[in-house]
Amino acid sequence: MKLLFAFTTAFVCVGNSFVLPSPPGPKFGPKFGPSPIYSQIRGGSSPASPTSEPPTPSPTPSRTVSLTNHINYDEVPDLPLVSTTPEWKALEEHAKEIEETHLRDYIMDDERCDAMHVLEDGIMLDYSRQRVTEKTLDLLSDLAEAQLLRSKMTSMYRGAPINFTEKRAVLHTALRSRKDSPLRPVVDGLDVVDEVHSVLEQIKKFTDMVREGEVTGYTGKQLRNIVSVGIGGSYLGPEFLHECLKTEPEGVNAALGYTLRFLSNVDPVDVERTCSELDPEETLIIIVSKTFTTAETMLNARTMRQWLWDFMGNDPEVVSKHVVACASTSATDKVRSFGISDDYFFRFWDWVGGRYSVCSAAGAVPISLVYGFDLFSKVLDGARSMDEHFIQKPLRRNIPMLMGLIGVWNMSFLKYNMRTTLPYAEALLKLPAHIQQLDMESNGKHVTRSGKEVDYLVGEVDFGEPGTNGQHSFFQLLHMGQAVPCDFIGFVKSQNDLVVDGETLSSHDELMTNFFAQPDALANGKTADELRAEGVPEWQIPHRTFHGNRPSMSLLLPKLTAFHVGQLLALYEHRTAVQGFVWDLNSFDQWGVELGKKLALGIKDKLVEGRAGRTIKADNPSTKRLLDYYVNSVNEDEEEETGRKQPGWGKNGPAGSDFARQPPQPHNLKDRGTKLN
Ligand code: F6P
C-alpha cells in the first residue's frame, strides 16, 4: 500500500516516539466523540456532551511507546476518494433538499436557532444563518467519522509525521504546551515541550534585558526600534498579532517608547518605508525565516545589515549586537555565517509550518520585545485553551470543528468557492491576510494524501476586511452579486470604547449594530413584494431586490485581549486542519510555491545578462519581450531625463556601475521624545 509505505518511511526519518496512556484505545480513536488525549492523561473524564459520545476509557498509568508500536496516523489507511463514499453521496443528495429552502424561514425557527449556537470558553458561535439543518450536521458528522477526523487530529497532537511529503510532524500545538504537559511528543530524539520551553526562557531573558536596557546596541544606545524582516508565515501572523496588541489596554502601555515595523516585500520601497525616521543605533533587526534561504528575506536581511554598517561601520559586533535570528534548527549554519551570535539565535523547528509559526520564536521575539514576554504568554494561554477545546469537545460543542465542517459543506456541496472574514474590530485588520495564507497555502491542493486527483471542490478563496469598512467596499457584491459565505467576528467590549456627548449609543455599540444587521440582510434579502409595500416604483424593483439566502456565521468574543487573540489564532488554525483532514489533503506542505521561486532564479540570471548589455535569452518570446522592454526602453528614458545612469543599469552591471548606493537616511530624533512614531 503506497500510502502506508510513505508514512512508514516518514516515521523512520522523523523517529518520533511519545508518552501516552496505555493501552491504546480503539483502532482509530473513539467514534466521533472527544479525543481521549488530554482527559486520559489528566486522569479525568471528558465533559458531558449533548450528543451521545462513547465513554472515555478509564485512566491508566503512562508508558513510553514508539509510534511504530502504536496505532496511529502512519497506519491510517489509504482512504478511497471521499467523493466515492456513501457519506459523501448522502450529503450530495441532501444538498438538493437544502437548495429548496430559504434562510428567511430557517431563522424564524426558534428551536433551530437555539440548537445552532455554541457558547464555549467565552466564545459564542452562532451558525443559525448557515444553510444547514440537524440532518446536515448529522451527515457531516458521519463524513468526519468516515474520514477519521479524530484520529488525524490526535496524530497531529502526538507528533506523527502527518506532513509526510516533507517527512515532518505538525506540532504547532506543542508551541503553547504547558511545561509540565503530560503530552510529550518526541521528534529527532528531543522532547518537543522541553525544547519549546527552553527557547521561551531564552526569549524571555533576552527581551527582558533589552527592555530593561541591559542589552544595548553597538554604541550603547537602548534598542527601541524593532524591525522584523520576514515574509509569508514569518510575517503575516506576527503582524496580525502586533496590530491586535497595539490597542490592547496592557499592550498600549507596554509598548510605550518602542516601534515595531515589518519588512516583508523585497521591493526597495518597502525598505525605504521601514527605515524612514529610524535611528540605526537604536534599531534591532530580527531576521525571521524558518529556512534562512527565502530569497526576498535574505536580500532584505543583507540590505538591513548594510544599512547598519553604513552608519556604524562594519565591525562584526555591529551585526552581533543589532541582528537576531528566528529560524529553524536546520538553518543554524546559515544563521552563524550571517554573523549572528548563538545567543541571539532563537530557534524553532521543522515541525512548525511557516503559516503555523506565530506562537514560535517567529512571533514571540518581536512581540515580546515590544509588548513584553508576559503579554505574549497570554496569547499562548489563549491558543492553548483553544487547543484543549478542539481536542476535547464533542462536535456540537466544538467551535473549530463546526466551522471546518460547515466550510466543507459550503465549498464542496453548496459550491460556494469563496469565503470572507469580516472582523468588526479595527485591531483585527490583518486577520484576513493571515487567514488567507493559513488557509489558501494549506488547502490549495489538487490531490489527496495518496496522490489521487480530487474531483470535488477544495480550498476556498479567502478574503476580508474589517467592518464597517468592508460594507462600503465589496458588500454590494455580497448582497446582490455572487453569494459568499461570511464569517462575522465581533466583541462584546471594545478595546477602546467611546461615548460621545449627546449620542444614544457608544461608538462600539454603533459598530456592533452593523455586526448584527448585516447577517440578517444577507439571510433575508428583500423581496419584490416588500419593496412594493414600501412604495418603491415598479421599474426600480428588480434593481432593489435582494435574493437573500446568503450564509454567514457570527463569532462573538468578550474583548480583544491577548488571551482572546490567542484563541482566535488557534481557532482558525484548527478550522483549516479540519477541512484538510475531511478532504483528505496534506494541509501542511506548500509545493505550489516552489515553481515560481525556481523560475525567478532563472529570470535573475537573464536579468544579469541584460544588465551587462548582453542579449537576453528567455524561455519564451512573451517573457523575452517583457524583459527586453524592462531592461532597455525604460532605462533609456530615465537616463535621458536625469542625465545620470540609474542603479545597476551601466554596461558593466550593478557591481561596476557608477551608481552610488544611497541607503535610507536616519532622521534627527533629538526632539521627538521616546515615542518614535
Ligand atoms: O511562501 C512560501 C513559504 O514557504 C511560506 O510557507 C513561508 O511562510 C514563507 O515562504 C517564508 O519562508 P521562510 O520562513 O523559510 O523564510
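Predicted model, so just to flag it, every value in this text is computed and none were measured.

What counts as what
- Residues numbered from 1 in each chain as written.
- Predicted model: local features only at pLDDT ≥ 70, side-chain atom pairs only at ≥ 80, totals over all residues.
- Heavy atoms only, no water.
- Helix = DSSP H or I, 4+ residues; strand = E, 2+ residues; numbered from the N terminus.
- Contact = heavy atoms within 4.5 Å.
- Areas by Shrake-Rupley, 256 points an atom, 1.4 Å probe, with all protein chains shown as cover.
- Near = heavy atom within 4 Å.
- Polar contact = N/O pair within 3.5 Å; in protein donor to acceptor, adjacent residues only side chain to side chain.
- Nonpolar A, V, L, I, M, F, W, Y, C, P; charged D, E, K, R; others polar.
- Phe/Tyr/Trp six-rings, centres within 6.5 Å; stacked < 30°, edge-to-face > 60°.
- Buried < 20%, exposed > 50% of the residue type's maximum accessible area, 1.4 Å probe, protein only.
- Lys NZ or Arg CZ within 6 Å of the ring centre and 35° of its normal.
- Pairing = 2+ DSSP bridges.
- Axes fitted to C-alpha atoms, helices over the stretch in contact; angles between N-to-C directions.

1. Focus on the overall build of the protein
Part 1: If you tally the helices and strands in the protein, you get 26 helices and 15 strands.
Part 2: Put simply, 76% of the contacts in the protein that link residues at least 6 apart link residues at least 24 apart.
Part 3: A total accessible area of about 28,800 Å² is found for the protein, and carbon and sulfur atoms account for 53% of it.

2. Re the site of the ligand
Part 1: Neighbouring residues of the ligand: 14 residues in total, closest Ser234, Ser289, Thr291, Thr294 and Glu441.
Part 2: At a separation of 2.7 Å, an oxygen atom of the ligand approaches a polar backbone atom of Gly233.
Part 3: In this structure, Ser289 approaches the ligand through a side-chain N or O atom, which is 2.6 Å from an oxygen atom.
Part 4: Look at the ligand: alone it shows 390 Å² of surface, and the protein chains cover 88% of it.
Part 5: Across the shell around the ligand, the residue classes tally to 2 nonpolar, 9 polar and 3 charged.

3. Section: the packing of aromatic side chains
Part 1: Counted by the stated rule, this structure contains 18 aromatic pairs.
Part 2: Judged by centre distance (4.9 Å) and plane angle (55°), the rings of Trp88 and Tyr456 are tilted. In this pair, Trp88 sits in helix α3 (residues 86-99) while Tyr456 sits in the loop between α18 (431-443) and β13 (461-464), placing the two residues 368 residues apart along the sequence. Here Trp88 matches Tyr456 in class, with each residue buried.
Part 3: Seen from the ring of Phe338, Arg305 lies directly overhead, with NZ or CZ sitting 4.1 Å from the centre.

4. Considerations on the sheet that holds strand β14 (residues 486-493)
Part 1: The mixed open sheet is built from 6 strands, whose spatial order is β3-β4-β15-β14-β12-β13. Both edges of this open sheet fall to β3 (117-120) and β13, since each of them pairs with a single strand only. Averaged over all adjacent pairs, the angle separating strand axes in this sheet is 15°, with direction ignored.
Part 2: One ladder, built from 4 bridges, connects strand β12 (residues 418-423) with β14; its direction is parallel. If you follow Leu422 over to β14, its bridge partner there is Phe488.
Part 3: Of the strands in this sheet, β4 (123-126), β12, β13, β14 and β15 (552-559) are in contact with helix α23 (residues 562-583), which crosses β15 at around 150°.

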